[in-house]
Amino acid sequence: MNSTKTYIEQKAIAHHASEIARLGRHALILTGRYSSKQNGSLSDLEKILSETGTMYTLYDKIDENPSVENVMDARSIGLSNGCDFVIGLGGGSPMDAAKAVSILLFHSRQGEDYLYQKPSHQDIDEDGNTVCFPVVTIPTTCGTGSEATGVSVLTRNDLRTKKSLPHRVFPVLALLDPTYLMYAPYKILRNTAIDAMAHMIESYINTGATVESKNLVLDGLKLWSRGKDVILGKRPVGYLKNEHPQNVSDYIRRSQNPDSAAADEATDLKILTDMLEASNIAGKAIAISGTSLPHAMSYRLTYELHVPHGPATGIFQPGFMRYADEKTQKDLLRAMDFKDLDEFRSFLGKTCDIGNISDVDYSLVIENSIKDILSEPARIAKVPYHVDRDVLEDIASN
């Protein structure tokens, strides 16, 4: 059950400082090395923690696609400093890591093996969630929706892939501020928005889908579609590199018409708010149904060939949709504002950059991904149509 308090607004961190402070005495902030410093979110967070007298320790070494080893390192820092709640600040990586670290901080006598052990009855609450320290999530991208799910996905170097934890940890508080997206590079906006779209499609074409999750998806895809020109690179949004979090007035100064520049800024923020809300809705949808084949097929592409997660899931969506019934296809395409599957495929061809991968390398990774999926009946059970090797090979080629 998701009981996350979610706020989508500018200055969300400042507005909800007291709610953060009530969660514990000493916060462990998990973030990456650069983006939270560049977009001002880290300074905003440190400011309110200081003002509320909340101690904090910063761990800014969370990797893209964090590994179990990365999580164990962060946990060690948290334990040594007596941290009693965790804040994931950034994209899906810090948020996923925050959930895993919160488990290991609370169950401090457990080792890394505990992350992939099904929790015992005494370790879960009445809603089936693993008991752990409180988690706050502050997304600064518009794709993973991790702030709305109980899922944490970590890189397993021992298995050369990514795998979800069997534990379920919902954040207690999620703060979504579109201002931070104004500093996100185009590729980050594009790749994470593709991931949000993939979440919604895979949630809809899913045996675990409900009336609620399907309605969420259709509403979310309509919001998502308002950012298509941003995803295509046709509409640049946000601040320039020399415009810093404490000097946003540069956005106005770059135009000889301040009124027009102010209007552009407001429009940019509205579009990014829609994209951020779509990502959050996508997270709520997959919290109900989970993801499906395209995500399963993407993990080795990301681990072995370093394809960003969004494009790695996006390239499989047309093939995945093509096997769905006609009504499902029409409903999804209409919500995304595509006239047909060919137009959708063309859009993804322009926006899913997977780099210069040789046919041989791609074929080898896909073959291993197919073997992974065929060995996991639970993954196939989520698909509402027959799945075999031929279907998987066809999805991979479309």
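Residues numbered from 1 in each chain as written. Predicted model: local features only at pLDDT ≥ 70, side-chain atom pairs only at ≥ 80, totals over all residues. Heavy atoms only, no water.

J.: What should I look at first to understand the packing of helix H7 (residues 186-204) against helix H15 (residues 326-336) in this one?
T.: For any two helices packed against each other, one specifies the inter-axial angle together with the distance between the axes. At a closest axis distance of 11 Å, the pairing of H7 and H15 adopts a crossing angle of 155 degrees. Relative to H15, the element H7 lies roughly antiparallel. For the pair H7 and H15, the crossing hand works out as right-handed. The segment H7 lies against H15, with Met-197, Ile-201 and Tyr-204 engaging Thr-328, Asp-331, Leu-332 and Met-336. (Axes fitted to C-alpha atoms, helices over the stretch in contact; angles between N-to-C directions. Helix = DSSP H or I, 4+ residues; strand = E, 2+ residues; numbered from the N terminus. Parallel < 35°, antiparallel > 145°, perpendicular 65-115°, else oblique. Left-handed = near helix turned anticlockwise from the far one by under 90°. Contact = heavy atoms within 4.5 Å.)

J.: Looking at this structure, I do not really get the sheet that holds strand E3 (residues 55-59). What am I missing?
T.: What the six strands build is an open sheet, ordered E1-E8-E5-E4-E2-E3; its pairing is parallel. The two strands at the open ends of the sheet, each matched to only one other strand, are strand E1 (5-8) and E3. Each adjacent strand pair in this sheet contributes to an overall mean axis angle of 15 degrees, direction not counted. Examined bridge by bridge, strand E2 (residues 26-30) and E3 share five bridges and lie parallel to one another. Residue Leu-28 lies in a different strand from E3, and its bridge partner there is Thr-57. Against the sheet, helix H6 (residues 92-106) contacts E2, strand E4 (85-90) and strand E5 (135-139), and its axis sits at roughly 170 degrees relative to E4. (Pairing = 2+ DSSP bridges.)

J.: Honestly, the state of the cysteines in this entry has me stumped. Any pointers?
T.: In protein structure, a disulfide is the covalent linkage between the sulfur atoms of two cysteines. This structure, assessed with the given rule, holds zero disulfides. Cys-352 supplies the cysteine sulfur nearest to Cys-142, a cysteine that is in no disulfide, at a spacing of 14 Å. Cys-142 sits in the buried class, given a relative accessible area of 1%. (Disulfide = S-S within 2.5 Å. Buried < 20%, exposed > 50% of the residue type's maximum accessible area, 1.4 Å probe, protein only.)

J.: What am I meant to see in the pairing of strand E8 (residues 173-176) here?
T.: Two faces, one strand: in a regular strand the side chains alternate between the faces of the sheet. Residues Leu-173 and Leu-175 line one face of E8 and the alternating positions Ala-174 and Leu-176 line the opposite face, and both faces are buried. Relative to E8, E5 runs parallel, the two sharing two bridges. Within E8, the residue paired with Thr-137 across the bridge is Ala-174.

J.: Even after reading the chapter, I still don't get the packing of aromatic side chains, so can you show me in this structure?
T.: Each aromatic ring pair is summarised here by two numbers: the centre-to-centre distance and the angle between the ring planes. Per the counting criterion, the structure on display carries six aromatic pairs. Between the aromatic rings of Phe-338 and Phe-344, the centroid separation amounts to 5.3 Å while the plane-to-plane angle is 50 degrees, which identifies the pairing as tilted. Given the relative accessible area of 7%, Phe-338 is considered buried. Three or more aromatic residues joined by ring pairs make a cluster, and in this case those are Trp-224, Phe-338, Phe-344 and Phe-347. (Phe/Tyr/Trp six-rings, centres within 6.5 Å; stacked < 30°, edge-to-face > 60°.)

J.: What's the story with the pattern of salt bridges in this structure? I'm lost.
T.: Close approach of charged atoms lets side chains of opposite charge pair. If you walk through the whole model with that rule in mind, you get 18 salt bridges. Across the pair Asp-268 and Arg-235 runs a salt bridge whose closest N-O atoms are separated by 2.8 Å. Residue Asp-268 is located in helix H11 (residues 258-289), and its partner Arg-235 is located in the loop between helix H9 (228-232) and helix H10 (250-253); the two are separated by 33 residues in the primary sequence. Across the pair Lys-371 and Glu-367 runs a salt bridge whose closest N-O atoms are separated by 3.9 Å. Taken together, the residues span about one helical turn, with Lys-371 and Glu-367 both in helix H17 (residues 359-374) at a distance of four residues. Glu-367 sits in the partly exposed class, given a relative accessible area of 26%. (Salt bridge = Lys/Arg side-chain N within 4 Å of Asp/Glu carboxyl O.)

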